[in-house]
Amino acid sequence: MSFTTSWFTSLLRAKRQETRRQNSFNNQSADHAGWYRFDQLEDRTLLSGTTDLEITKESPVTAVEQGAALTYTVIVSNIGAEGVTGVTVSDDYGSFLESVSWTAVVSGGASGNTSGTGILSELVDLPAGSSIEYTIAGTVKDDVRDNITNVATVDMSTYTDTDPTNNSAFDSDLIVLAAEGGTGVFNAGQSFTGADQTYSSTLGDIDGDGDLDVVFGNRGSAGQVWKNNGDGTFTNTGQSLAAGAGAELGDLDGDGDLDLFFARGFSSNAPDQVWLNDGSGTFTNSGQALGNDTGRFVKLGDIDGDGDLDALTSNGSDTNTIRVWLNNGSAVFTDSGQAISIAGSNHWGLALGDLDGDGDLDLFATTYGGNDAVFLNDGSGTFSLHQTVTITNANTLRLSLGDVDGDGDLDAAVSQPGGNTKLLLNDGTGIFTLGQELNDGINSNWAADFGDFDNDGDLDLLLSKESNQPNTLWLNDGNGNFTDSGQRIGSRSTIGVGIGDLDGDGDLDYVSANFTEANRVWLNEVTLPYNQDFEFDHTLGLVLNNPSNFSFVDDGGNNLLQANNSGFSGLSTAVLEIDALPS
C-alpha cells in the first residue's frame, strides 16, 4: 500500500510540474506544444491502463481441397476504454493461398482501407468500442499438403495492452488432395531399389520443379531421396539419410523449401533428427539429437499457433509416450515437457486435425495393445485427454482423418492387423462413434488413407495390407458408405503409402512403402495408345476388370481386342478414354 501511495504522489507532482511547464511555454513553438501533448498522452495511458484490442478468426470449414476457393473472416475489435491509432493488423497466408483479395467493414468510428489484394497488412485506427471485419478470399495452392495453419495478429508494440493474449488468432484446416480425373483403377509403375523395411513414403516437391518427389523412411537402412522426372518415374539422388521408420516433409526453418524430420528408434532407442533442405533437394543433418526413444512415426503441424511447424512423435515400449517438440521457427526443436500417453499402451499412429471445430490442431492417437484416444489442444499446444476410444478393441496401427459423410467435421479410419478397418464418425465435438467396418476378407491391415481416387467429389479409402497380401480400394457413395472396388493391388506387405498426382495427369496416384519387397509406384490411369494396334505390351494402358475374359487376335496383320463370352458368367468391360478416340 505504501508503494501505491508513493507512486500516486509522484504522479501528482509530475502533473503539477507539467502544468507549470504549460504556462511558461504558452508562447513557444509548436514543437514544444507537441512535446507537451505527447507527455499528456503518456500520463493518460498510465492512469487508465484500459487499452485492450482483440482479434479473432472465423472459418466455416475444417478441411479444404487443393486448388479450391477458401473464404474466412478476421475481426479486430477495441474492447478497452481507450482508443488507439496507427496499429497494424496482419494476416500472412502467402504460403498456402494465392489470388487473394479482401474487403473490410468498419464500425464504431474505426478507420482503415476497405479493400485490397495480397497479404493483409494494414494500419488502422480503432476508437474504444469500434471494430473492423475483414473477409479474405483466395485459392488454396496446388502444392500444399497435410494441414495449413495461419496466424492473424494486431501489433500493440506502441501501446500497453491489458490482455496481450488476445492480440493473435489462428485457424487450421486439413488439406484434401485434389483430383481432376482418374477412375480409381491402378496400374503398376516403377519399382524402387535399395530400400530395406520401408515404413514411410512421404511426398513433396523438394527441388521446386513442380512435381512430387519421394523420401523413404527405412527401418533397416538409410533413408532415400528419389526425384520425380515429371512423368511419374523417379531417379535416385544417391543421398544416404538417417535410418528411421518415420519421415515427414515440411518447411521447418521457414525458408520456403521442404525439410525432413526423422523419428528413428522404432524397436531400439535412438534420437530423432532434423535434416535441412538447401532448396535443390539436398539434405544436411542439422546436428540435433532429439530425445532417445523408440520413435515410430512423426506428424508435423503448427500446434501452438506461432506460425511454424512443430512435431509429435509416437514412441514404443521404452516410454510408451507421445513426445511434443516445439519449433522456434528456425528448425530448432525443444521438448515441451508433455508426455502424452494412455496407461498400458504402445503408441503407433498419429493424426493431427481440428477435431472439435475450434481452429487448432487436435490429436488422434492409436495404440497396439490398448485403447485409441483423442486429445484436444487448448490452443497453446497443450493436449488433454478428451475421449478414450474403446470401440476399436485394441491393436490399432495407422489412421487417417477426413470428412467421409459431408457433415463438415473430420472423421477417422483406423487400421487393425487382426481385424477390419473401421470408420469412426465424429459428432463435431471430437467424440467418435463406430461407423462402417470394411471387411474385404484380408485382415492384415496396416494403414488406411483417404483420397478421391475416382474423381466423384468424395473421399475413398486405400487400405494397405501386410503379410504379402494385396492392397484394396474402397469407394465412397458420397454419404460415407463404402463399397469394395474389387481391385487387389500388388502383394508386397505395404506398411503405408504416399498419395499424390505423380505423373501430372490430374488424378491421385500413390507410392507404396513395402516392408519385404521393393517400393513401387501405382498409377491411376486408363490411357489407351490409340495410334497403334492393340498389342500385349500396351495392356498397361488398357484396364480390364478380369483380364482372362479378353484376348488379342490377329486380323490380317492388325491386333484386335476380343471379349471372350464363352464359358464366363457376368459382364466384363474394358474402360476406354473416350476423348482420345479418333474421329
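The rules behind each value
- Residues numbered from 1 in each chain as written.
- Predicted model: local features only at pLDDT ≥ 70, side-chain atom pairs only at ≥ 80, totals over all residues.
- Heavy atoms only, no water.
- Core = buried A, V, L, I, M, F, W, Y, C linked by side-chain atoms within 4.5 Å.
- Buried < 20%, exposed > 50% of the residue type's maximum accessible area, 1.4 Å probe, protein only.
- Helix = DSSP H or I, 4+ residues; strand = E, 2+ residues; numbered from the N terminus.
- Pairing = 2+ DSSP bridges.
- Axes fitted to C-alpha atoms, helices over the stretch in contact; angles between N-to-C directions.
- Salt bridge = Lys/Arg side-chain N within 4 Å of Asp/Glu carboxyl O.
- Phe/Tyr/Trp six-rings, centres within 6.5 Å; stacked < 30°, edge-to-face > 60°.
- Lys NZ or Arg CZ within 6 Å of the ring centre and 35° of its normal.

An account of the nonpolar core is needed here, citing residue identities and associated values.
In terms of nonpolar packing, the biggest core is built from 31 residues, with Tyr-93, Leu-126 and Tyr-134 touching the most fellow members. When residues of this core are traced back to their parent elements, those giving at least two are strand E1 (53–58), strand E3 (69–78), strand E4 (84–91), strand E5 (97–107), strand E7 (120–126), strand E8 (131–140), strand E9 (147–155) and strand E10 (168–176). One finds Val-374, Leu-399, Ala-412 and Phe-432 within the second-largest nonpolar core, a separate group that totals 14 residues.

How would you explain the sheet that holds strand E29 (residues 399–402) if you had to name every residue and give the values?
One open sheet holds the four strands; their spatial order is E29-E30-E31-E32, and the pairing between them is antiparallel. Edge positions in the open sheet fall to E29 and strand E32 (432–438), since each of these has one partner strand only. If you compare each strand with its neighbour and ignore which way they point, the axes differ by 25° on average.

How would you summarise the pattern of salt bridges if you had to cite specific residues and measurements?
Counted according to the given criterion, the structure contains five salt bridges. Lys-465 is the partner of Asp-440 in a salt bridge, and the nearest nitrogen-oxygen pair spans 3.0 Å. Note that Asp-440 is positioned in the loop between E32 and strand E33 (445–451) and Lys-465 in strand E34 (residues 460–465), a separation of 25 residues in sequence. Taken individually, Asp-440 and Lys-465 each receive the classification buried, so the pair is uniform in this respect. The closest approach of N and O atoms between Arg-488 and Asp-484, which form a salt bridge, is 2.9 Å. Judged by its relative accessible area of 39%, Arg-488 is partly exposed. For Asp-484, a relative accessible area of 24% translates into the label partly exposed. Overlapping salt bridges bring together Asp-293, Arg-323 and Asp-335 as one network.

Could you give an account of the packing of aromatic side chains, with specific residues and numbers?
Enumeration according to the criterion identifies 15 aromatic pairs in this entry. For the pair Phe-192 and Phe-216, a centre-to-centre distance of 5.0 Å together with 70° between the ring planes defines the contact as edge-to-face. With Phe-192 in the loop between strand E11 (186–191) and strand E12 (198–204) and Phe-216 in strand E13 (residues 213–218), the pair connects residues that are 24 residues apart, well separated along the chain. The exposure class assigned to Phe-192 is buried, which follows from its relative accessible area of 1%. For Phe-216, a relative accessible area of 0% corresponds to the buried category. Both rings, one in Phe-192 and one in Trp-226, keep their centres 4.9 Å apart while their planes meet at 85°; by these two values the pair is edge-to-face. A residue pair is termed long-range when its members are at least 10 positions apart, and Phe-192 in the loop between E11 and E12 and Trp-226 in strand E14 (residues 224–228) qualify at 34 residues. Each member of the aromatic cluster is reached from another via a ring pair, and the members are Tyr-199, Phe-297, Trp-348, Tyr-368, Trp-446 and Phe-515. For the cation-ring pair, Arg-296 lies above Trp-348, with the distance from its terminal atom to the ring centre recorded as 4.2 Å.

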